[in-house]
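Each chain is listed here by its residues.
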Amino acid sequence: MINSLLERKIEKRPDKVRLPGRILFLTEDPELIKRQLAGEDLPWDIKNPANNPKLRDDISTDEITPAHYCFYFDETLGEIPYLGLKCGSVFPIGRSDVKKGGFVCAVSGKRRGKGSSREQSPYAEMCAGIRLVIAENIERIYKQNCQNLGLLTSTNFSLIDQIRAGDEIPLNEFTAGEDEITRQVIEYGGLFPFNVARMQKKVFLPPIKTEKRPMTLAEKIFARHMINEKGDVGVPSVKPGDTGFARADLRFSHEYVTPMASIFFERYVGKDAKVNDPASILFFRDHLTFLDEVISEEKKKLGLLDLATQLKLKQQDFAAKQGIKLHGELKDRKGSEGICHSIVLESYALPGQLNIGSDSHTPHVGAIGCVAFGIGTTDVFNSWITKDVRVKVPESVKIVIRGKKHPNVAAKDFILKILSLDYVRSGKALAKVMEYAGEAIEGLSVDERATMTNMAAEIGGFTGIVAPDRKAVDFLVERRGMDRKQAETMIKGLCSDPNAQYAHVIELDAADITPMVATPGDPGNGKYIRDLNTPVPVELAYGGTCTAGKNEDMDMYALVLADALKRGKRVADSVKFYIQFGSQETRDYCIRKGYLEVFQKAGAHVIEPSCGACINAGPGVTTRPEQVVISAQNRNFPGRSGPGQMYLASPLTVAASAVAGHIVEYEPSAERELVDA
């Protein structure tokens, strides 16, 4: 504990708030937004919502703060909010428009803040003057980031009239329905002041007194990690809604987040303060190693490339000062040691652990049976002080996929199918644990399971998890060099109890799922390839990222390309196909298997590890609105990977489409030969 914090003066904010300023309605109609920016206040009928213009749904953090502008980590972000907001084909909001407009509240529709966990988004809104966000429902990480910073959130549209009338609004309007800890975080104006008050024993932490009950796998892991009344780790049982702080086994962040977190740490805690247990903290330089190859001249002139370099240097300096392990850039060639999620799965995470990371795809490592979830910048820097994280035990959704999958179907097709379901698209899965089970899941390798748990982020789930089994043990033995008996002991009891309770159960038959794509704009736009009405030509194909840069993903790219070479084919002349490793371990695996020669002969371009194109920072990004790319990455939100039209698909489909020149299902050679016969 840092002694200076024990003497710091901390007070709650007033119990009533007045929000003087204008309201910005983020509508589907770009002209209505432009009129508001020009000074017009839109009328809004609280009693008859059908009379109001349609609000934009699914506003992602990529649209609130496009990736390149997240190189800023100070109040300059106040010039940035909504620069990526796309309404139809128009981007109606320009730099500093929101700040100049005097807006105090921003209103939108369903699933606000989906996607990346970047805290730059609510921080940019705050710096632009926004003090309240209203939406029909709000994604978990974005909402928690707002609370941590002190930005108010609500789903109560009647507040619009109160703001316009200049009324004082009771603070309990924003705390109603929240758990005891979240209520106090809001009352203290953010997570850091709350945590200082917690150290000073000024806040009330409700004890977890849940009686013994059947628990899901995730609940069992939470119970092992929740801090009890005595300050020790572990409680007998938990249930959904229990709140408290959970001790983290591993805390990690990458260069998009570490600099901002370190500045917060030095500003609020002290320049010479030391983090708590640096051995359980990891830093990664994995997002921006190829940025210079794709960043536009316009953005270079704005100084964004120089800012990106500052991110790297700030992280390096803080790591050295604090004695924290940094997985950084390669010394002998361009690229990184690997993407954070890839390395954490390959080298660090263990069954039964609770891990937190500065990225929404932290659930990746749930593939071996640990609870892992994304957090924002304020959570990151607070965890450096306390070694724990605020948790409200979530409900679980069980997703059972029965039967045996088709040979040309991969885990990516399963998750695209799940994302297309009404239950997910309507936001009912938000902030819940996705527990994957059934014969088809059991048949997947750990690498393929990681695709499922990774993309719990796109569902808007709290995390994704698969009960560890023999395949998890084999993974730890073969990939980690662990003693088999030790691994087998580690997974004992890591399964859901037979009578565990679920918020919802989704049952699918693998036989009904054929290769899919998510059409441009959202990962939830899932369609079976065979249902596409017309052929879709592609110019770019991309295989990589944390979702699709693993060993087994490379097996799939190699399988399709080797099959093409046997038939005298290669990547179509009209297509550029990029294959990017998720880690150096995966690159070494490809060398051992002879895949680099296959990729080269087939005409694919191989890239060293980095997040790259997935965040508009490496080869494979689009450069024109009409350009079509098929990608094995996890997100296709507007503008995320360039201005083009992105279809998401499995590694098999991406490689097959690169060869065909248009989107196609992969047909295994054995099946093709039977048809030909």
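See the structure above.
Residues numbered from 1 in each chain as written. Predicted model: local features only at pLDDT ≥ 70, side-chain atom pairs only at ≥ 80, totals over all residues. Heavy atoms only, no water.

## Concerning the overall build of the protein chain
At step 1: Across its full length, the protein chain carries 29 helices and 24 strands.
At step 2: Taking 2.2 N^0.38 as the reference for a compact globule, 677 residues should give roughly 26 Å; the C-alpha atoms of the protein chain span a radius of gyration of 24 Å, in line with that estimate.
At step 3: Principal axes of the C-alpha set define a box for the protein chain whose edges measure 80 × 60 × 50 Å.
At step 4: Considering the protein chain as a whole, with its 677 residues, one finds that 63% of them fall into the buried category.
At step 5: Here the protein chain has roughly 25,000 Å² of accessible surface; of this, 49% comes from carbon and sulfur atoms.
At step 6: Mean positive and mean negative side-chain charge positions of the protein chain (88 and 89 charges, respectively) differ by 2 Å. (Helix = DSSP H or I, 4+ residues; strand = E, 2+ residues; numbered from the N terminus. Rg over C-alpha atoms; globule rule 2.2 N^0.38 Å. Buried < 20%, exposed > 50% of the residue type's maximum accessible area, 1.4 Å probe, protein only. Areas by Shrake-Rupley, 256 points an atom, 1.4 Å probe, with all protein chains shown as cover. Lys, Arg positive; Asp, Glu negative; His and termini not counted. Charge placed at Lys NZ, Arg CZ, Asp CG, Glu CD.)

## Here's the deal with the nonpolar core
At step 1: With 79 residues, the main nonpolar core has Phe-222, Phe-373 and Trp-384 as its most contacted residues.
At step 2: No other element matches helix 10 (residues 191-199), which puts six residues into this core.
At step 3: Setting aside anything within four residues of it in sequence, one finds Phe-222 in contact with Val-238, Leu-354, Val-371, Phe-373, Val-391, Val-393, Pro-394 and Phe-462.
At step 4: One finds Leu-561, Ala-572, Tyr-647 and Ala-658 within the second-largest nonpolar core, a separate group that totals 42 residues. (Core = buried A, V, L, I, M, F, W, Y, C linked by side-chain atoms within 4.5 Å. Contact = heavy atoms within 4.5 Å.)

## Some points on unusual backbone geometry
At step 1: Positive phi values are uncommon outside glycine, yet Ser-96 reaches one of about 70°.
At step 2: Judged by relative accessible area, which is 15%, Ser-96 ranks as buried.
At step 3: The phi dihedral of Thr-545 falls on the positive side, at around 75°, and the residue is not glycine.
At step 4: Note that Thr-545 resides in helix 24 (residues 545-548).

## Some thoughts on the environment of Ala-411
At step 1: Take Ala-411: it is sitting in helix 17 (residues 411-419).
At step 2: In the structure, Ala-411 is positioned 33 residues away from Leu-444 in sequence and 7.6 Å away in space, judged by C-alpha atoms.
At step 3: For Ala-411, the residues in contact, after removing those within four places along its chain, are Leu-444, Glu-448, Thr-451 and Met-452.

## Description of the pattern of salt bridges
Proximity of charged atoms lets side chains of opposite charge pair with each other.
At step 1: Applying the stated rule across the entire model yields 48 salt bridges.
At step 2: Among the ionic pairs, Arg-479 bridges to Asp-447, the shortest N-O distance being 3.6 Å. On the criterion of sequence distance, the pair formed by Arg-479 in helix 22 (residues 470-480) and Asp-447 in helix 20 (residues 446-454) is long-range, its members being 32 residues apart.
At step 3: Between Asp-469 and Arg-449 there is a salt bridge, with its nearest N and O atoms 2.8 Å apart. With Asp-469 in the loop between strand 16 (463-466) and helix 22 and Arg-449 in helix 20, this residue pair connects regions lying 20 residues apart in the sequence.
At step 4: On the basis of relative accessible area, Asp-469 is assigned to the partly exposed category, the value being 21%.
At step 5: One salt-bridge network, held together by shared partners, links Lys-12, Glu-180, Arg-183 and Glu-187. (Salt bridge = Lys/Arg side-chain N within 4 Å of Asp/Glu carboxyl O.)

## Focus on the pairing of strand 2 (residues 22-25)
At step 1: With burial as the criterion, each face of strand 2 is covered, one bearing Arg-22 and Leu-24 and the other bearing Ile-23 and Phe-25.
At step 2: Inspection of the sheet shows strand 2 paired to strand 3 (residues 103-107) by four bridges, in the parallel sense. Its bridge partner lying in strand 3, Arg-22 is registered against Phe-103. (Pairing = 2+ DSSP bridges.)

## Examining the packing of helix 12 (residues 258-268) against helix 16 (residues 377-386)
At step 1: The contact between helix 12 and helix 16 brings their axes to 9 Å, and the two run at 55°. Between helix 12 and helix 16, the angle falls in the class oblique. The crossing of helix 12 and helix 16 is right-handed. Every residue of helix 16 that contacts helix 12 at Thr-258, Met-260, Ala-261, Ser-262, Phe-264, Phe-265 and Tyr-268 is listed here: Thr-377, Thr-378, Val-380, Phe-381, Trp-384 and Ile-385. (Axes fitted to C-alpha atoms, helices over the stretch in contact; angles between N-to-C directions. Parallel < 35°, antiparallel > 145°, perpendicular 65-115°, else oblique. Left-handed = near helix turned anticlockwise from the far one by under 90°.)

## A word on the packing of helix 9 (residues 180-188) against helix 10
At step 1: Relative to each other, helix 9 and helix 10 sit at 110°, their axes nearing to 7 Å. Relative to helix 10, the element helix 9 lies roughly perpendicular. On the side of helix 9, the interface is formed by Ile-181, Gln-184, Val-185 and Tyr-188, while helix 10 contributes Leu-191, Pro-193, Phe-194 and Ala-197.
At step 2: Partitioned by chemical class, the residues of the contact of helix 9 with helix 10 number seven nonpolar, one polar and no charged. (Nonpolar A, V, L, I, M, F, W, Y, C, P; charged D, E, K, R; others polar.)

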